Amino acid sequence: MSASQTSDVPTLLVKIFGKDRPGITAGLFDTLAAYSVDVVDIEQVVTRGRIVLCALVTKPAAGSEGELRATVHSWAESLKLQAEIISGTGDNRPRGSGRSHVTVLGHPLTAESTATIAARITATGGNIDRIFRLAKYPVTAVEFAVSGVETEPLRTALATTAAQIGVDVAVVSAGLHRRAQRLVVMDVDSTLIQDEVIELFAAHAGCEAEVAEVTERAMRGELDFEQSLHARVALLAGLDVSVVDKVRSEVRLTPGARTLIRTLKTLGYQVGVVSGGFTQVTDDLRERLGLDFASANTLEIVDGKLTGKVTGEIVDRAGKARLLRRFAGEAGVPLSQTVAIGDGANDLDMLNAAGLGVAFNAKPVVREAAHTAVNVPFLDAVLYLLGVTREEVEAADLA
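Nothing here was measured: the structure is a model prediction, and the numbers come from that model.

Chemist: Would you take a moment to explain the nonpolar core for this structure?
Modeler: A general tendency of soluble globular proteins is for nonpolar side chains to be buried together. Within the largest apolar cluster, 61 residues are counted, with the highest numbers of intra-cluster contacts made by Leu192, Phe201 and Ile341. The dominant element in this core, judged by the number of residues it contributes, is helix α6 (residues 197-205), at five residues. Filtering out sequence-adjacent residues up to four positions away, Phe201 remains in contact with Leu236, Leu239, Val243, Val244, Val247, Phe278, Val281, Leu299 and Leu306. Counting 22 residues, the second largest nonpolar core, distinct from the first, contains Phe327, Leu351, Ala354 and Ala359.

Chemist: Got a minute to help me understand the sheet that holds strand β4 (residues 82-89) in this structure?
Modeler: Sheets are built from strands paired through backbone hydrogen bonds, the pairs being either parallel or antiparallel. Strand order across the open sheet formed by four strands is β2-β3-β1-β4, with antiparallel pairing between neighbours. Here the strands that pair on one side only, and so sit at the sheet edges, are β2 (39-47) and β4. Neighbour-to-neighbour, the strand axes of this sheet turn through a mean angle of 10°, independent of strand direction. Examined bridge by bridge, β2 and strand β3 (residues 50-58) share eight bridges and lie antiparallel to one another. Residue pairing for β3: Asp41 is matched across the bridge by Leu56.

Chemist: What am I meant to see in the packing of aromatic side chains here?
Modeler: Counting across every chain of the model gives two aromatic pairs. Arranged with centres 5.9 Å apart and planes meeting at 85°, the rings of Phe201 and Phe278 form a pair that is edge-to-face. On the criterion of sequence distance, the pair formed by Phe201 in helix α6 and Phe278 in strand β10 (residues 270-278) is long-range, its members being 77 residues apart. Taking the relative accessible area as the measure of exposure, Phe201 reaches 0% and is therefore buried. Between the aromatic rings of Phe293 and Phe327, the centroid separation amounts to 4.8 Å while the plane-to-plane angle is 15°, which identifies the pairing as stacked. One end of the pair, Phe293, is in strand β11 (residues 293-302); the other, Phe327, is in helix α12 (residues 317-331), with 34 residues separating them in the sequence. Owing to a relative accessible area of 1%, Phe327 belongs among the buried residues under this scheme.

Chemist: I'm lost on the UniProt feature "domain: ACT" (unreviewed entry) in the protein in this one. Help?
Modeler: As annotated by UniProt and renumbered to match this structure, "domain: ACT" (unreviewed entry) occupies residues 13-93. Between the first and last C-alpha atoms of residues 13-93 the distance is 14 Å; the span itself is 30% helix and 41% strand.

Chemist: Looking at this model, I keep getting lost on the pairing of β3. Mind explaining?
Modeler: The side chains of a regular strand alternate, first on one face of the sheet and then on the other. Buried residues dominate β3, accounting for seven of its nine residues. Between the antiparallel neighbours β2 and β3 lie two residues, among them Arg48 with a positive phi of about 45°.

Chemist: Which parts of the structure should I look at to understand the packing of α6 against helix α9 (residues 242-250)?
Modeler: The description of two packed helices rests on the angle between their axes and on the distance between the axes. α9 packs onto α6 with a crossing angle of 130° between their chain directions and a minimal axis gap of 10 Å. When the axes of α6 and α9 are compared, the pair comes out oblique. Taken as a pair, α6 and α9 cross one another with a handedness that is right-handed. Contacts between α6 and α9 involve Val197, Leu200, Phe201 and His204 from the former and Val243, Val244, Lys246, Val247 and Glu250 from the latter.

Chemist: When you look at the side chain of Glu65 in this model, what are you seeing that I'm missing?
Modeler: By the element assignment, Glu65 lies in helix α3 (residues 65-78). At a separation of 3.4 Å, a polar atom in the side chain of Glu65 contacts the side chain of Lys59. Discounting chain neighbours no more than four positions away, the residues touching Glu65 are Leu12, Lys59, Pro60 and Ser87.

Reading guide: rules and limits
Residues numbered from 1 in each chain as written. Predicted model: local features only at pLDDT ≥ 70, side-chain atom pairs only at ≥ 80, totals over all residues. Heavy atoms only, no water. Core = buried A, V, L, I, M, F, W, Y, C linked by side-chain atoms within 4.5 Å. Buried < 20%, exposed > 50% of the residue type's maximum accessible area, 1.4 Å probe, protein only. Helix = DSSP H or I, 4+ residues; strand = E, 2+ residues; numbered from the N terminus. Contact = heavy atoms within 4.5 Å. Pairing = 2+ DSSP bridges. Axes fitted to C-alpha atoms, helices over the stretch in contact; angles between N-to-C directions. Phe/Tyr/Trp six-rings, centres within 6.5 Å; stacked < 30°, edge-to-face > 60°. UniProt positions renumbered as here; feature names shortened; annotations may be inferred. Parallel < 35°, antiparallel > 145°, perpendicular 65-115°, else oblique. Left-handed = near helix turned anticlockwise from the far one by under 90°. Polar contact = N/O pair within 3.5 Å; in protein donor to acceptor, adjacent residues only side chain to side chain.

Structure representation (structure tokens):
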């Protein structure tokens, strides 16, 4: 029966509450079946062992509604459940135009922050149609299905609110594309891994302070990325190539990195990394983690020694965005279906070019410019922004 056909049809909303147990749903509809009603809608939620089951059905034949009500109440009482039956007409009112998924991450997620987010959605003209918990570990993640407001203004409004109250909020358009194949591209240093690779090399060269000073100059805007890269790499001149293996062994993956990649791959996503660091490390990560794409700068090695130079095209801020587009083309994925994750200013072009740009434990300027931010120390929390539940993550672990 179509929406137009049910708009003026008398209906009954049957609501069941109580302690959950196997067979409640089957029992309710078995009871209703005796009255030859049609099912218009069903919603069921179980929270801490308590069930709320709602069934919207057409009214039974004339003269039998009273008997239906009495039978449903009697059945509910026999199971120590409560029943409520409300008469009405038709189905739910049509959802407003503009539909989005709003994912909220909290560690913890407080009642106060939830109230603030909900109020902000209402203030933008949006209506919350449904709320669903995605995860309770390692963070609490809930998803709001919102209608009545376009995605971009809703994202802008909630980004400001999220920053003020200290929760992470992602807003994406609803639709089939959310479950379509995607490409996820990550920065490496301080995103996929906890370290800065240049600093690991500098420790072996005994020039950590000098590298840190150049980095600080770059952060002050006195050097651009390419200048700072050449200046820092020059300090590594003369290092034996055996240091590469030592650095690879010292790299520490960010908590949740393996889970993120394993789950994405199980779901059929393609995953890549782009880095202002070095292929001597990213190629190893690509092999270890089963990545589809990897690109970075390459340290020049001659006669078993680092020369203090890099070879090939420099991967800088613009280069990362360019590589995202190249990877998307090779993967056959529209740019709108890409996800980029990074923490630094040199990731901004990539974050803005992607369909969804995620600032991961990033500096304020990056958080403000990205589509959304994740400020918990677990990289796999990004999965919840894509609508993946914790149960699906755990199922991927067993695949």
